[in-house]
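Chain by chain, the residues run as shown.
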Amino acid sequence: MSQPKVVAVKAPGPVGRTLLLEHAAADFLVEITREKPWRRARYEDLLDTLETYLGRPAPLLAYTRATGEAWLRALHESEREDARDLLTEFRAYLRDWGWLDLARPVNQLD
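Residues numbered from 1 in each chain as written. Predicted model: local features only at pLDDT ≥ 70, side-chain atom pairs only at ≥ 80, totals over all residues. Heavy atoms only, no water.

**Remarks on the overall build of the protein chain**
Helices and strands together make up the secondary structure of the protein chain, namely 5 helices and 0 strands. Listing the helices and strands of the protein chain from first to last along the sequence gives α-α-α-α-α. Here the protein chain holds 110 residues, and the buried ones make up 31% of them. Pairs at least 24 residues apart make up 61% of the contacts formed inside the protein chain by residues separated by at least 6 positions. Accessible surface, the protein chain: about 7,000 Å² in total, of which carbon and sulfur atoms supply 54%. (Helix = DSSP H or I, 4+ residues; strand = E, 2+ residues; numbered from the N terminus. Buried < 20%, exposed > 50% of the residue type's maximum accessible area, 1.4 Å probe, protein only. Contact = heavy atoms within 4.5 Å. Areas by Shrake-Rupley, 256 points an atom, 1.4 Å probe, with all protein chains shown as cover.)

Quick look at the structure:
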């Protein structure tokens with residue numbers, strides 16, 4: 001029998017203020033560096049580009065599946081594969097670590 005997935009809950013960003021994309025991105029980069037250190041520089045550049053696209057400083061909730069897809073379409077074709085991989089891992093991280101739930105009002109889970 002497999003064990004249930006244990007999700008660590010982290011207190012993201014400044015308490016009582018709007019959660020920003022940059023706060024979640026910084027924590028994500030720390031995690032990704034532990035698992036895949038070779039991706040840090042590329043993901044850091046892509047997250048910076050995403051935040052610029054969304055309008056700096058971007059609230060975390062400015063990043064949605066729809067805005068992520070729009071950003072992908074705005075990138076040069078040669079960047080899209082890495083960017084798509086980033087968005088897949090970043091969205092899973094945001095969901096698994098509770099960032100999206102904390103950024104949204106109650107009862108609007110991801």
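**Quick word on helix α1 (residues 21-35)**
With 15 residues, α1 ought to run about 21 Å at 1.5 Å a step, and its terminal C-alpha atoms sit 21 Å apart, in line with that. Looking at α1, one finds that the buried residues are Leu21, Ala24, Ala25, Phe28, Leu29, Glu31 and Ile32. (Expected span 1.5 Å × (residues − 1).)

**Focus on the nonpolar core**
Phe28, Trp71, Phe90 and Leu94 are the most contacted members of the largest nonpolar core, which has 26 residues in total. Those elements that provide at least two residues to this core are α1, α2 (40-54), α3 (65-74), α4 (80-96) and α5 (99-103). (Core = buried A, V, L, I, M, F, W, Y, C linked by side-chain atoms within 4.5 Å.)

**Considering unusual backbone geometry**
For the bond running from Arg56 to Pro57, omega is -5 degrees, close enough to zero to count as cis. Among the structural elements, Pro57 can be located in the loop between α2 and α3.

**Observations regarding the packing of aromatic side chains**
Tallying each qualifying case throughout the model produces 5 aromatic pairs. When the ring of Phe28 is compared with that of Tyr43, the centres are 6.1 Å apart and the planes differ by 15 degrees; the resulting orientation is stacked. Pair noted here: Phe28 is in helix α1 and Tyr43 is in helix α2, with a separation of 15 residues, a long-range link. Look at Phe28 and you get buried, because its relative accessible area is 2%. Overall, the relative accessible area of 3% leaves Tyr43 in the buried class. (Phe/Tyr/Trp six-rings, centres within 6.5 Å; stacked < 30°, edge-to-face > 60°.)

**Remarks on the packing of α3 against α4**
For the pair α3 and α4, the least separation of the axes is 10 Å and the interaxial angle reads 165 degrees. Considered as vectors, α3 and α4 are oriented roughly antiparallel to each other. The hand of the α3/α4 crossing is right-handed. Between α3 and α4, the residues in contact are Arg65, Gly68, Trp71, Leu72 and Arg73 and Arg80, Ala83, Arg84, Leu86, Leu87, Arg91 and Arg95, respectively. Classifying every residue of the contact of α3 with α4 gives 5 nonpolar, 1 polar and 6 charged. (Axes fitted to C-alpha atoms, helices over the stretch in contact; angles between N-to-C directions. Parallel < 35°, antiparallel > 145°, perpendicular 65-115°, else oblique. Left-handed = near helix turned anticlockwise from the far one by under 90°. Nonpolar A, V, L, I, M, F, W, Y, C, P; charged D, E, K, R; others polar.)

**Points about the packing of α1 against α2**
In a packed pair of helices, the relevant descriptors are the angle between the two axes and the axis-to-axis distance. With their axes 10 Å apart at the nearest point, α1 and α2 run at an angle of 165 degrees to one another. Here α1 lies roughly antiparallel to α2, going by the angle between them. In this structure, α1 crosses over α2, and the sense of that crossing is right-handed. Judged by residue contacts, Leu21, Glu22, Ala25, Phe28, Leu29, Val30, Ile32 and Thr33 of α1 engage Arg40, Tyr43, Glu44, Leu47, Leu50, Glu51 and Leu54 from α2. Here the residues of the contact of α1 with α2 sort into 10 nonpolar, 1 polar and 4 charged.

As far as function goes, none of this settles anything; it's purely spatial.
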